[in-house]
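Listed here are the chains, written in short residue letters.
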Amino acid sequence: MQFIQSRIIISQAELEKCISYSQPRIFAKGDYLLRIGEYCRFIGFLNKGLIVSTTEDSAGKEKASGFIYEGCFFTYTEGLAANVPSHKNLVALEECDILILSKDNLALIFKENPKFETLLNQMLAEEVRHLLMKEQAGRTLSLEERYLNLEKQYPDAFQRIPLKYLADYLGIEAPSLSRLRRRLAGK
């Protein structure tokens with residue numbers, strides 16, 4: 001768990017104690033980890049694979065809103081403190097190897113080792129920062145700049161993520177994204 005050790009100072013024994021509260025799970029490509037309307041009762045750590053976060057537009061069409069790569073914690077952040085149903089789906093884009101930690105165990109883990117509460121607070125702050133940056137980029141950057149930022153943030157995105165989801169994330173239709181990619185490749 002290099003990710004955790006890169007963020008907080010923690011011994012191997014403390015880390016293993018926390019991990020003992022989690023359960024390893026494998027999700028197949030296309031499996032839903034969370035559906036709109038469900039209550040999220042877990043925090044996950046993605047060891048291997050790729051997850052897309054989707055929402056529904058006013059017509060009920062599923063649209064990509066974000067991606068979760070290996071080495072990241074994830075949850076339905078909005079429902080962590082307030083017990084509200086999810087407004088998004090979490091879907092495995094590839095086979096995913098995930099450590100699942102039940103939210104019911106959080107208080108116990110935090111009591112045993114407050115370092116994990118610090119880690120959770122860091123995770124939540126990063127999630128908010130990413131959301132704010134995405135929103136600001138959508139209002140201030142050109143489509144080309146957003147595309148280049150996506151390439152920079154997720155270098156292998158175009159090899160691993162279906163074009164439909166990339167186009168959704170950028171706020172355009174898939175054919176427009178294809179034209180943009182061809183135009184940028186020609187530069």
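K.L.:
I'd like to hear about the packing of aromatic side chains, residue by residue, with values.
P.N.:
A complete count under the given rule lists six aromatic pairs for this structure. Relative to F74, the ring of F42 lies with its centre 6.1 Å away and its plane at 80°, an arrangement referred to as edge-to-face. Taken together, the residues F42 in strand β3 (residues 42-48) and F74 in strand β6 (residues 72-74) connect sequence positions 32 residues apart. By the burial criterion, F42 is buried, and F74 matches it.

K.L.:
An account of the sheet that holds strand β5 (residues 62-68) is needed here, citing residue identities and associated values.
P.N.:
The strand order across the open sheet formed by four strands is β2-β7-β4-β5, and the pairing between neighbours is antiparallel. Every interior strand has two partners, whereas the edge strands, β2 (32-34) and β5, have only one. Pairs of neighbouring strands in the sheet enclose a mean axial angle of 35°, with direction left out of account. Two elements, strand β4 (residues 51-56) and β5, share six bridges in a ladder whose sense is antiparallel. Bridging from a neighbouring strand, E56 pairs with E62 of β5.

K.L.:
Can you break down the sheet that holds strand β8 (residues 96-102) residue by residue, with the values?
P.N.:
Adjacent strands of a sheet pair through backbone hydrogen bonds, lying either parallel or antiparallel. Taken in spatial order, the four strands line up as β1-β8-β3-β6 in an open sheet, and their pairing is antiparallel. Strands at the two margins of the open sheet, each flanked by one partner only, are β1 (22-27) and β6. Neighbour-to-neighbour, the strand axes of this sheet turn through a mean angle of 30°, independent of strand direction. In this structure, β3 lies alongside β8, joined through six bridges in antiparallel fashion. Within the sheet, the bridge partner assigned to L46 lies in β8 and is I98.

K.L.:
Outline the nonpolar core, listing residues and values.
P.N.:
The biggest cluster of nonpolar side chains holds 22 residues, and the ones touching the most others in it are F67, I161, L166 and L177. For this core, the elements supplying multiple residues, two or more each, are β5, α6 (143-153), α7 (157-160), α8 (163-170) and α9 (174-185). With residues near it in sequence (within four places) discarded, L166 still touches F67, L150, A157, F158, I161 and L177. Membership of the second largest hydrophobic core comes to 15 residues, among which are L33, F42, Y76 and C96.

K.L.:
Tell me what's going on with helix α5 (residues 115-140), and back it up with residues and numbers.
P.N.:
Relative to the 38 Å expected for 26 residues at 1.5 Å per residue, α5 spans 37 Å between its end C-alpha atoms, a close match to the ideal helical length. By the burial criterion, the buried members of α5 are F116, L119, L120, M123 and A137.

K.L.:
Just give me the short version of α9, but keep the residues and values in it.
P.N.:
Compared with the 16 Å implied by 1.5 Å per residue over 12 residues, the 16 Å span of α9 between its first and last C-alpha is a close match. For α9, the full list of buried residues reads L177, L180 and L184. Take α9 and look down its axis: the buried residues cluster within an arc of 60°, on one side only. Facing away from the buried side of α9, by more than 90 degrees, are the exposed residues R182 and A185.

K.L.:
How would you summarise the layout of surface pockets if you had to cite specific residues and measurements?
P.N.:
Space left empty within the atom packing is revealed by a probe, the size of a water molecule, rolled over the atoms. Considering only enclosed or pocket space, the largest pocket measures out at about 1,200 Å³ in volume. Of all the elements in the fold, those that place two or more residues in the lining of the largest pocket are β4, β5, β6, α5, α6 and α8. Counting residues per element, the lining of the largest pocket draws most heavily on α5, which supplies 14 residues. Looking at the lining of the largest pocket residue by residue, the classes come out as 19 nonpolar, 13 polar and nine charged.

K.L.:
So what about the pairing of β3? Which residues, and what values?
P.N.:
Of all seven residues in β3, five are buried, a share of seventy percent or more. Relative to β6, β3 is paired through three bridges, and the arrangement is antiparallel. Residue pairing across strands places L46 opposite C72, the latter belonging to β6.

Conventions we followed
Residues numbered from 1 in each chain as written. Predicted model: local features only at pLDDT ≥ 70, side-chain atom pairs only at ≥ 80, totals over all residues. Heavy atoms only, no water. Phe/Tyr/Trp six-rings, centres within 6.5 Å; stacked < 30°, edge-to-face > 60°. Helix = DSSP H or I, 4+ residues; strand = E, 2+ residues; numbered from the N terminus. Buried < 20%, exposed > 50% of the residue type's maximum accessible area, 1.4 Å probe, protein only. Pairing = 2+ DSSP bridges. Axes fitted to C-alpha atoms, helices over the stretch in contact; angles between N-to-C directions. Core = buried A, V, L, I, M, F, W, Y, C linked by side-chain atoms within 4.5 Å. Contact = heavy atoms within 4.5 Å. Expected span 1.5 Å × (residues − 1). Arc of directions from axis to C-beta. 1 Å grid on protein atoms, 1.4 Å probe; cavity = no way out; pocket = protein on both sides within 12 Å on 5 of 7 lines; lining within 4 Å. Points joined across faces, edges and corners; volume = space filled by probe spheres on them. Nonpolar A, V, L, I, M, F, W, Y, C, P; charged D, E, K, R; others polar.

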